[in-house]
Amino acid sequence: MKRLSLFLLALAAICPVSAALVTKPVDYADAKGTPLHGFVVYDDAISGPRPGVIVIHDWRGITDYTHTRAEMLAKLGYIAFAADIYGVDVHTDGPPAWMKQVGIYKGDRALYRTRERAAYDAFLKQPLLDPTRIAAIGYCFGGTGVIEMVRDGLPLKGVVSFHGGLDARPVSDGRTMAGAKVLVLCGADDPFEKPEDMQAFEQQMHENGVDLKVVEYPHAMHAFSDAGVDALNLPGAKYNAAADRQSWAAMKTFLQQIFTTS
């Protein structure tokens, strides 16, 4: 028995227990005092501050999908912060409720930006975050939202929009988009991405000095990165495994580049 114990101790020294991902809730509020509830995820095997990525949820609010993406980012060595746009008092339970919330924020971009700025400020308080290296990613509704963060002049290293609804909206007063880095990942067959809106979006980005890259994935429709979307039977939305893999790889490369360059 003693020999077995010594062997197990030696084995543990050679093969240490794998580090676990840590998830911690973050309660915060926007400028008007609206209570919000997000969370951070990080790998506790990494010591010291590390780059951070804000995740803006899709039209459903924070879901298991949000958790999955945050965990995937943490496994890459980042600290991920899932932002709450809707607020703790809002409960959505299906497409009609989801669409209602989307309408509120797409119709009031100032409110959307207020909620995102609150998330950014809350994230800055996390001790494991390197505050000089922050990016944001978003899906669908959140893909629209990360562009609003750029229009609000938040000091982000870059943003990634996954199948977001894109158009041209005014920049916040006194803010600038100049020098921002934006990666847009969209489906070539997304019926919700209107050509005229995309053209206006790209023109606004170029006119304001944004470093913009747009990637279209062939045969990909709306919500192509969400493996659970097919169960909802939503017209125009369908999972595409190839586009999912390729878009995540593109995001990884983008984050590596923006976090390693000045």
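Read on for a plain summary of the structure. (Residues numbered from 1 in each chain as written. Predicted model: local features only at pLDDT ≥ 70, side-chain atom pairs only at ≥ 80, totals over all residues. Heavy atoms only, no water.)

Section: the overall build of the protein chain
When you go through the protein chain residue by residue, the secondary structure sums to 7 helices and 8 strands. Computed over C-alpha atoms, the radius of gyration of the protein chain comes to 20 Å, within 12% of the 18 Å expected from 2.2 N^0.38 for 262 residues, which places it in the range of a compact globule. Projecting the C-alpha coordinates of the protein chain onto the three principal axes gives extents of approximately 75 × 40 × 40 Å. Split into buried and exposed, the 262 residues of the protein chain put 48% on the buried side. Counted over contacts in the protein chain with a minimum sequence separation of 6, partners at least 24 positions apart contribute 68%. Approximately 12,700 Å² of the protein chain is accessible, and the part contributed by carbon and sulfur atoms is 56%. (Helix = DSSP H or I, 4+ residues; strand = E, 2+ residues; numbered from the N terminus. Rg over C-alpha atoms; globule rule 2.2 N^0.38 Å. Buried < 20%, exposed > 50% of the residue type's maximum accessible area, 1.4 Å probe, protein only. Contact = heavy atoms within 4.5 Å. Areas by Shrake-Rupley, 256 points an atom, 1.4 Å probe, with all protein chains shown as cover.)

Looking at the packing of aromatic side chains
Going through the model one piece at a time under the given rule, you end up with 12 aromatic pairs. On the numbers, 6.1 Å between centres and 70° between planes, the contact of Tyr105 with Phe141 is edge-to-face. Here Phe141 lies in helix H5 (residues 141-151) and Tyr105 lies in helix H3 (residues 95-107), a separation of 36 residues in the sequence. For the pair formed by Tyr105 and Phe141, the shared burial category is buried. One aromatic cluster is present, built from ring pairs that chain together Tyr86, Tyr105, Tyr112 and Phe141. (Phe/Tyr/Trp six-rings, centres within 6.5 Å; stacked < 30°, edge-to-face > 60°.)

Let's talk about the layout of surface pockets
Space inside the largest pocket adds up to approximately 560 Å³. Looking at the largest pocket, it is lined by 29 residues, and the ones nearest its centre are Trp59, Met99, Lys106, Phe192 and His222. Broken down by element, the residue count for the lining of the largest pocket peaks at 4 residues, all from H3. Its residues assigned to classes, the lining of the largest pocket shows 14 nonpolar, 6 polar and 9 charged. (1 Å grid on protein atoms, 1.4 Å probe; cavity = no way out; pocket = protein on both sides within 12 Å on 5 of 7 lines; lining within 4 Å. Points joined across faces, edges and corners; volume = space filled by probe spheres on them. Nonpolar A, V, L, I, M, F, W, Y, C, P; charged D, E, K, R; others polar.)

A look at the sheet that holds strand S8 (residues 211-217)
Taken in spatial order, the 8 strands line up as S1-S2-S4-S3-S5-S6-S7-S8 in an open sheet, and their pairing is mixed. Where the open sheet ends on each side, the last strands, each with one partner, are strand S1 (21-29) and S8. Averaged over all adjacent pairs, the angle separating strand axes in this sheet is 20°, with direction ignored. Relative to strand S7 (residues 181-187), strand S6 (residues 158-162) is paired through 4 bridges, and the arrangement is parallel. Along S7, the bridge assignment pairs Phe162 with Leu185. Each of S1, strand S2 (35-43), strand S3 (50-56), strand S4 (79-83) and strand S5 (129-139) touches helix H4 (residues 109-123); the most contacted strand, S3, lies at about 155° to it. (Pairing = 2+ DSSP bridges. Axes fitted to C-alpha atoms, helices over the stretch in contact; angles between N-to-C directions.)

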